[in-house]
Amino acid sequence: MGKLKAFGLLVLVLIFAVLPLQTAKAAVLWNSPTLAEVYNPAGNTYAYAPTVIRDGSTEHMWSCHNAQAGVVKDHIFYTKIVNGSVIESKSVLEAGPEGAWDSYHVCDPAIVAGQFLYSGVTYDYALFYLGNDVNASYHNQIGVAFSNDLSGEWVKYPSPIIEYPNDGYWGVGQPSATSIDGQGGLLLFYTKGDPSATGGYRVQLNLSDMSAPVIGTSLQLTNSGLTDSNGNPDWLNNFDMVYDPTRDRFFAVRDQRPFPSDNPAYISASLQVVSIEGSFVWGGGGSWKVEGALGSAISGKPRNHNAALLRTPYGTLPNPAKTEVYFTVSLAGSALSTIPEYTYDIWRVEGELTDGDSLLEKPLTAFSSKLFSVDRLTHNLNTNVFEIHGSSKKKINQAWVGYQMFDTRGYLIEAGTAYPNAINEEGKFTIPILKPAGIDSQTIRLEVYFLSAKGQKLSSKSANVSFSFST
């Protein structure tokens, strides 16, 4: 098979080389009708951690997969999908021989196009992968293999590109790559788990000549701006990166904490799509912008994890107007009749990509007084601001809108603030509210009230509200 038509996107790569519950209004507006199962291997087999390149009606997908039913040992599989139908699926990279650095698991494929000279042959594609030599989740290292055929076998480079000592910690893995120059210059992104912490890193590589590969100094990417599903600070790991030259931004999809407590408690229930300016990937620092979240309200599944963004062969965003996420789902809890891994399969969903903030919405019902009604609570994932939205039933001049919060015992926990002139000409009002610390999953009693200009309470209504948002 020859090179993809997407090789015409080299212009974008050259630009890169020189460039310094429900979503109401969000940077990603999920298109629910596009939700679809992509690949579900039969029996006691699994597929997860995909990477996907599309060429017309053909999707080229690589994933972490077991080759023998009932045996949890990772291979890298290639799956060809044409017009939504799986045409073939086969192992294309397996563990090395006994004594090799990757002699047990090979997983987490990441494919990027370029020109890579190895053992006298110039290859069009590089495949980065996690490998280890133990039947456990530690001593992970990152290797690379090469091919001129996306559907074919891959020729391994014999040593890890990113090494990690056998110190009993997780190591390095979950690679993702983007091209710098369309040749051998690359940015490699990966997770590292060592005695100090777990975090996301990037390193610049030049693999034009594998007789003398150039591996730069790694840089840890910032955690600033990342949030868990409760709006608390989170950290970067298990992420996939693509570059958008039209915005000079890198987009990522990442597992989001906290993980659920029921089985399986080691994978995420929700994913977060984020982006960051290109300069901060090169120089460090900066802050991530939350673009959206993807959880059970979108997928209908209790676990959503190990995701990837659709990419061009060079690691760029194919269409700046939308994002397409390929993600792994799993059953959980009482729905499991086997080990969770055998319920792993791959789904996809599209979302319109705008340049606004990511805003989650929780509808509120039976929250109505004689003068007003409250219809929803929103959470801005970029600013972490919560707001109450409602409308007046009658035209009121100079009314103040305020709120109070009470715990389940009836004790006041937040006095709130009354806002003057909060009701607009259409009778709508929006006021910010402060979420008290430590009540992410608790139900509180929220009272909203109208005051006259003289401070007299005109009307009030209270209802039970939770600050947990489904995504």
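Structure shown above.
### Let's talk about the nonpolar core
In globular proteins that are soluble, nonpolar side chains generally tend to be buried together. Grouped together as the largest cluster of nonpolar side chains are 44 residues, with contacts concentrated most on W288, L377, I388 and L446. Ignoring anything within four residues of it in the chain, the contact list for L377 reads L360, E361, K362, L364, F386, E387, I388, I433, V465, S466, F467 and F469. Core analysis: the next-biggest nonpolar cluster, separate from the first, contains 24 residues, F116, Y157, V203 and M210 among them.

### Describing the layout of surface pockets
Counted as a void, the largest pocket has a volume near 720 Å³. If you go around the largest pocket, you meet 29 residues; those closest to its centre are Y48, D74, S137, W170 and Q174. At the level of elements, β7 (105–118), β8 (121–132), β12 (185–193) and β20 (303–309) are the ones that each hand at least two residues to the lining of the largest pocket. Sort the elements by how many residues they give to the lining of the largest pocket and β7 lands first, with 3 residues.

### Description of the pairing of strand β13 (residues 198–206)
In terms of strand pairing, β12 meets β13 through 9 bridges, oriented antiparallel. Among the inter-strand pairings, T191 is bridged to a residue of β13, identified as G200. Hairpin connection of β12 to β13: 4 residues between the antiparallel strands. Inspection of the sheet shows β13 paired to strand β15 (residues 219–220) by 2 bridges, in the antiparallel sense.

### Quick look at the sheet that holds strand β17 (residues 249–256)
With antiparallel pairing, 4 strands are arranged side by side in an open sheet as β16-β17-β18-β19. In this open sheet, the two strands that pair with only one neighbour each are β16 (239–244) and β19 (289–294). Here the strands of the sheet are splayed against their neighbours by 20° on average, with no regard to which way each runs.

### A word on empty space enclosed by the protein
Estimated volume of the largest cavity: approximately 130 Å³. In terms of lining residues, the largest cavity is bounded by 13 residues, among which A49, P50, P175, N238 and A307 are the most central. Of all elements in the fold, only β3 (47–55), β7, β11 (171–179), β16 and β20 reach the threshold of two or more residues within the lining of the largest cavity. Among the residues making up the lining of the largest cavity, the classes are represented as 7 nonpolar, 4 polar and 2 charged. L310, L317, P318, N319, K322, T323 and E324 together form the lining of the second largest cavity. Grouping the amino acids of the lining of the second largest cavity by side-chain chemistry returns 3 nonpolar, 2 polar and 2 charged.

About the cut-offs
Residues numbered from 1 in each chain as written. Predicted model: local features only at pLDDT ≥ 70, side-chain atom pairs only at ≥ 80, totals over all residues. Heavy atoms only, no water. Core = buried A, V, L, I, M, F, W, Y, C linked by side-chain atoms within 4.5 Å. Buried < 20%, exposed > 50% of the residue type's maximum accessible area, 1.4 Å probe, protein only. Contact = heavy atoms within 4.5 Å. 1 Å grid on protein atoms, 1.4 Å probe; cavity = no way out; pocket = protein on both sides within 12 Å on 5 of 7 lines; lining within 4 Å. Points joined across faces, edges and corners; volume = space filled by probe spheres on them. Helix = DSSP H or I, 4+ residues; strand = E, 2+ residues; numbered from the N terminus. Pairing = 2+ DSSP bridges. Axes fitted to C-alpha atoms, helices over the stretch in contact; angles between N-to-C directions. Nonpolar A, V, L, I, M, F, W, Y, C, P; charged D, E, K, R; others polar.

Any functional reading would require information that these geometric values do not contain.
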